[in-house]
Amino acid sequence: MDLRICHLYPDLMCIYGDRGNVITLAQRARWRGIGVETRDLEAGETLDPDWADLYFFGGGQDQGQDVVSTDLQSANGNALRQAFAGGAAALSVCGGYQLLGHEYVPAEGPAIPGLGAMDVTTRAGKVRFVGNLLAAAPQGTLIGFENHSGYTYLGPKARPLATVLVGHGNNGEDKTEGALQGRLVGTYCHGSVLPKNPWLADMLLAWALERRHGTVPLEPLDDSDELAAQRAAAEVARTRP
């Protein structure tokens, strides 16, 4: 059994330790005896919609988002939509999350169009949200670090990934953090997010493996170190002013 992971635009959209999410997904699969192949896709390269089971799309600066947005308006955008329609899963963080949505509207200049794969829209806010982010999801605790001035609002086709306990999440108004739509996940948790949230990593792995292998029961792993890190990070978050 094997797993194929594609890291989207790592040269432009990979800040705050986001690559650690790809490393975590690969390692948790390998610990279970699953072979893993990873590939990077950079702007201008050709995306094969049939290859990857799981996509990772990290965060980046506004200038990088402009370049990536342009690439997503090309054949690569259609290929990525085709991949999602074919059952591929995705984890998107911050800027990647915004670009899977309809658009990002900056404080100045024209809107940056997104892929439209998630029913979310983002606009620039006046206050930048920076600090530890603690939220509660149905599957467990979600902990990470947010650093964004984009305010994201969910449409009816998307549902929140978690409810904010400490921090700001999507927009600092409605207590939502991230979004779920089909097998697509968006979040503002950097850090990277998956090492400290093993339930989220395994949820993505299960979805991704199902694309070509059907339902695959994942063997339990000893997550004592990961959960200890989660508890420590949550305690730090709770002391946030």
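Residues numbered from 1 in each chain as written. Predicted model: local features only at pLDDT ≥ 70, side-chain atom pairs only at ≥ 80, totals over all residues. Heavy atoms only, no water.

Chemist: So what exactly am I meant to see when it comes to the overall build of the chain here?
Modeler: Looking only at helices and strands, one finds six helices and 12 strands in the chain. A compact globule built from 241 residues should have a C-alpha radius of gyration of about 18 Å, and the chain, at 17 Å, falls within 12% of that. Taken over the C-alpha atoms alone, the chain extends approximately 50 × 45 × 30 Å along its principal axes. Taking the intrachain contacts of the chain between residues at least 6 apart in sequence as the baseline, contacts between residues at least 24 apart amount to 69%. (Helix = DSSP H or I, 4+ residues; strand = E, 2+ residues; numbered from the N terminus. Rg over C-alpha atoms; globule rule 2.2 N^0.38 Å. Contact = heavy atoms within 4.5 Å.)

Chemist: Can you walk me through the pattern of salt bridges in this structure?
Modeler: Oppositely charged side chains may form a pair once their charged atoms are brought near each other. What the rule picks out here adds up to 11 salt bridges. Taking the shortest distance from any N to any O, the salt bridge between Arg19 and Asp40 comes out at 3.9 Å. Of this pair, Arg19 sits in helix α1 (residues 19-30) while Asp40 sits in strand β2 (residues 35-41), and the two are 21 residues apart along the sequence. Looking at Arg19, the relative accessible area reads 36%, which means it is partly exposed. Where salt bridges share partners, they join Asp2, Arg4, Asp53, Arg211 and Arg212 into one cluster. (Salt bridge = Lys/Arg side-chain N within 4 Å of Asp/Glu carboxyl O. Buried < 20%, exposed > 50% of the residue type's maximum accessible area, 1.4 Å probe, protein only.)

Chemist: Where do I start with the packing of α1 against helix α5 (residues 198-213) in this structure?
Modeler: Helix packing geometry: the angle between the two helix axes and the distance between the axes. Two elements in contact, α1 and α5, have axes separated by 10 Å at closest approach and are oriented at 75 degrees. When the axis of α1 is compared with that of α5, the two are roughly perpendicular. Contacts between α1 and α5 pair Thr24, Leu25, Arg28 and Ala29 from the former with Pro198, Ala201, Asp202, Leu204 and Leu205 from the latter. (Axes fitted to C-alpha atoms, helices over the stretch in contact; angles between N-to-C directions. Parallel < 35°, antiparallel > 145°, perpendicular 65-115°, else oblique.)

Chemist: Is there a simple way to think about the nonpolar core in this case?
Modeler: Tyr55 and Phe84 are the most contacted members of the largest nonpolar core, which has 67 residues in total. Not counting residues within four places of it along the chain, the set of residues in contact with Phe84 comprises Tyr55, Ala89, Ala90, Leu100, Leu115, Ala117 and Leu184. (Core = buried A, V, L, I, M, F, W, Y, C linked by side-chain atoms within 4.5 Å.)

Chemist: Which parts of the structure should I look at to understand the packing of aromatic side chains?
Modeler: Where two aromatic rings form a pair, the distance of their centres and the angle of their planes describe that pair. In total, this model carries four aromatic pairs according to the counting rule given. Judged by centre distance (4.8 Å) and plane angle (15 degrees), the ring pair of Phe129 and Tyr151 falls under stacked. Within this pair, whereas Phe129 is found in strand β7 (residues 120-137), its partner Tyr151 is found in strand β8 (residues 140-154), the two being separated by 22 residues in sequence. Tyr151 carries the same exposure label as Phe129, and that label is buried. (Phe/Tyr/Trp six-rings, centres within 6.5 Å; stacked < 30°, edge-to-face > 60°.)

Chemist: Can you walk me through the sheet that holds strand β3 (residues 54-57) in this structure?
Modeler: As summarised here, the arrangement of the six strands in space is β2-β1-β3-β4-β12-β11, forming an open sheet in which the pairing is mixed. This sheet does not close on itself; its edge strands, each paired only once, are β2 and β11 (179-181). Each adjacent strand pair in this sheet contributes to an overall mean axis angle of 15 degrees, direction not counted. Looking at chain direction, β11 and strand β12 (residues 184-187) are connected through three bridges and run antiparallel. (Pairing = 2+ DSSP bridges.)

Chemist: Explanation requested: helix α2 (residues 62-72) in the structure shown.
Modeler: Two residues of an α-helix separated by three or four positions point the same way, owing to the 3.6 residues in each turn. Inspection of α2 places Gly64, Gln65, Val68, Ser69, Asp71 and Leu72 among the buried residues, and these make up the whole buried set. Taken down its axis, α2 places every buried residue within 160 degrees of arc, on the same side. Projecting away from the buried face of α2 at angles above 90 degrees are the exposed residues Gln63 and Thr70. Those residues of α2 that are buried lie in contact with β3, α3 (75-85), α4 (95-100), β5 (103-105) and β6 (112-113). (Arc of directions from axis to C-beta.)

Chemist: Teacher, can you tell me more about the side chain of Thr187 here?
Modeler: Tracing the chain through its elements places Thr187 in strand β12. Residue Thr187 is classed as buried on the basis of its relative accessible area, which comes to 0%.

Chemist: Would you take a moment to explain the environment of Arg240 for this structure?
Modeler: Within the fold, Arg240 resides in the segment after α6 (224-238). Residues Arg240 and Glu210, spaced 30 residues apart in sequence, show a C-alpha to C-alpha distance of 39 Å. In this view, Arg240 contacts Val130, Gly131, Asn132, Leu133, Glu146, Val166, Gly167 and His168; residues no more than four positions away in its chain are not counted.

Chemist: Got a minute to help me understand the side chain of Asp202 in this structure?
Modeler: The residue Asp202 is located in helix α5 in this model. Discounting residues that sit within four places of it in the chain, Asp202 has contacts with Arg28, Arg32 and Leu218.

Chemist: Honestly, α1 in this entry has me stumped. Any pointers?
Modeler: For α1, built from 12 residues, the straight-helix expectation of 16 Å at 1.5 Å per residue is met to within 8% by its first-to-last C-alpha distance of 17 Å. Taken together, the buried positions of α1 are occupied by Gly20, Asn21, Val22, Thr24, Leu25, Ala26, Arg28 and Ala29. In the core, the buried residues of α1 are packed alongside β1 (2-8), β2, β3, β4 (89-93), α5 and α6. (Expected span 1.5 Å × (residues − 1).)

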